[in-house]
Amino acid sequence: EMPEEDSVDEFVKPSQPRSEDEPRIRVGIDVNELVALHFVSYEDDYVVYSGTREKGMLAKLKIGELRYSGGIYSFKGGGLQFSTEDFIRLIPKNDPHAVHQIMNLKRAMSWVGPGDFNEYRGIMEYRVGKVDGKKYAVNDLLFEDYVKGISEFGKSDEVEFIKANIVAARTYAYVSLGKYSFFDVLSSTYDQLYLGKKVEDYMPRAKAAAEETRGMMVTYKDQVV
């Protein structure tokens, strides 16, 4: 007879969400090969910032061009134009789940779906790393929106496997908060593969699995592992 603390019933008991307050996560997307970054949102107006200073508005459907050269960032689009030594930050005006697109970013993942995976929810920043000197698009978004955009499983995988995979992915992301200087995880498999909003379209079973396990993470003695 197994000891009570090792009982199977105790082992498989579903855990509860870690917190009622949903955190945010910052994902670093490598855009170093792009001379300029072309940003557009089809869902919401975006407020444009130079660092923490509001500079104006980029209306829905208008294209913003962001550049970096010689220590200077520049923005042009929708009647707004400026240069700055600070990074550029674009925040949706009304909907925190709004989708934006980096139009000229090529991220083909044919095993997930057609086209390029270059649409993301929430906030976007354009920043250059002080250590590696690389250009990044930093997707700052709500934690569960991030989880829905992870793609480390196949379309034909069993739903319960996808749920387990997503719980593990959510756990990894949570313990990675603060991992890098100005983002938490990379969008590549160096951390875990994050492809953004289109995963919700092409992998509806994964989206459902994320919603059914919302907030759940792997813990040991009430600590996220």
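J.: For this particular structure, what's the right way to read the confidence of the model for the chain?
T.: For residues with low pLDDT, the predicted coordinates do not support detailed interpretation. A residue-level look at the chain finds 91% of positions with pLDDT of 70 or above and a mean pLDDT of 92. Considering only residues more than four positions removed or in separate chains, one finds that residues 1-13, a stretch of pLDDT under 50, has 2 contacts.

J.: Would you explain the sheet that holds strand β8 (residues 88-92) in this entry?
T.: Either a parallel or an antiparallel arrangement is found when strands of a sheet pair, and the pairing is made through backbone hydrogen bonds. Sheet architecture is open: 7 strands sit in the order β4-β3-β8-β11-β12-β1-β13, paired in mixed fashion. Each edge of the sheet is formed by a strand with only one pairing partner; in this case those strands are β4 (53-58) and β13 (185-186). Strand direction decides the pairing type here: strand β11 (residues 123-128) and strand β12 (residues 135-142), joined by 6 bridges, are antiparallel. Following the sheet pairing, Glu125 is matched in β12 by Val138.

J.: Can you help me understand the side chain of His100 in this one?
T.: Secondary-structure assignment places His100 in strand β9 (residues 99-102). The class of His100 is buried, set by a relative accessible area of 1%. Among the polar contacts listed, one links the side chain of His100 to the backbone oxygen of Gly122, at a separation of 3.2 Å. The residues touching His100, leaving out its near neighbours within four places in the chain, are Phe39, Val40, Ser41, Tyr46, Asn118, Glu119, Tyr120, Arg121, Gly122, Ile123, Met124 and Asn139.

J.: Sorry, what's going on with unusual backbone geometry here?
T.: Apart from glycine, the bulk of residues carry a negative phi angle, and the bulk of peptide bonds sit in the trans form. The backbone phi angle of Lys221 is positive, close to 55°, even though this residue is not glycine. The topology assignment puts Lys221 in the loop between β14 (219-220) and β15 (223-224). Judged by relative accessible area, which is 69%, Lys221 ranks as exposed. One non-glycine residue, Asp222, adopts positive backbone phi at about 65°. With respect to the helices and strands, Asp222 occurs in the loop between β14 and β15.

J.: I keep staring at the pattern of salt bridges and nothing clicks. Help me out?
T.: Should the charged atoms of two oppositely charged side chains come close, the side chains can pair. A complete count under the given rule lists 18 salt bridges for this structure. The partner of Asp116 in a salt bridge is Lys106, with the nearest N and O atoms 3.9 Å apart. Here Asp116 is found in the loop between β9 and β10 (119-121), whereas its partner Lys106 is found in the loop between β9 and β10, with 10 residues between them in sequence.

J.: Teacher, can you tell me more about the sheet that holds strand β6 (residues 72-77) here?
T.: Strand order in this open sheet of 6 strands is β7-β6-β5-β2-β9-β10, and the pairing throughout is antiparallel. Taken across any chain shown, the strands that pair with only one partner, and hence form the sheet edges, are β7 (80-84) and β10. Within this sheet the neighbouring strands show an average axis-to-axis angle of 20°, counted without direction. Pairing of strand β2 (residues 36-41) with strand β5 (residues 64-69) involves 4 bridges; the strand directions are antiparallel.

Cut-offs used in this document
- Residues numbered from 1 in each chain as written.
- Predicted model: local features only at pLDDT ≥ 70, side-chain atom pairs only at ≥ 80, totals over all residues.
- Heavy atoms only, no water.
- pLDDT = per-residue confidence, 0-100.
- Contact = heavy atoms within 4.5 Å.
- Pairing = 2+ DSSP bridges.
- Helix = DSSP H or I, 4+ residues; strand = E, 2+ residues; numbered from the N terminus.
- Buried < 20%, exposed > 50% of the residue type's maximum accessible area, 1.4 Å probe, protein only.
- Polar contact = N/O pair within 3.5 Å; in protein donor to acceptor, adjacent residues only side chain to side chain.
- Salt bridge = Lys/Arg side-chain N within 4 Å of Asp/Glu carboxyl O.
- Axes fitted to C-alpha atoms, helices over the stretch in contact; angles between N-to-C directions.

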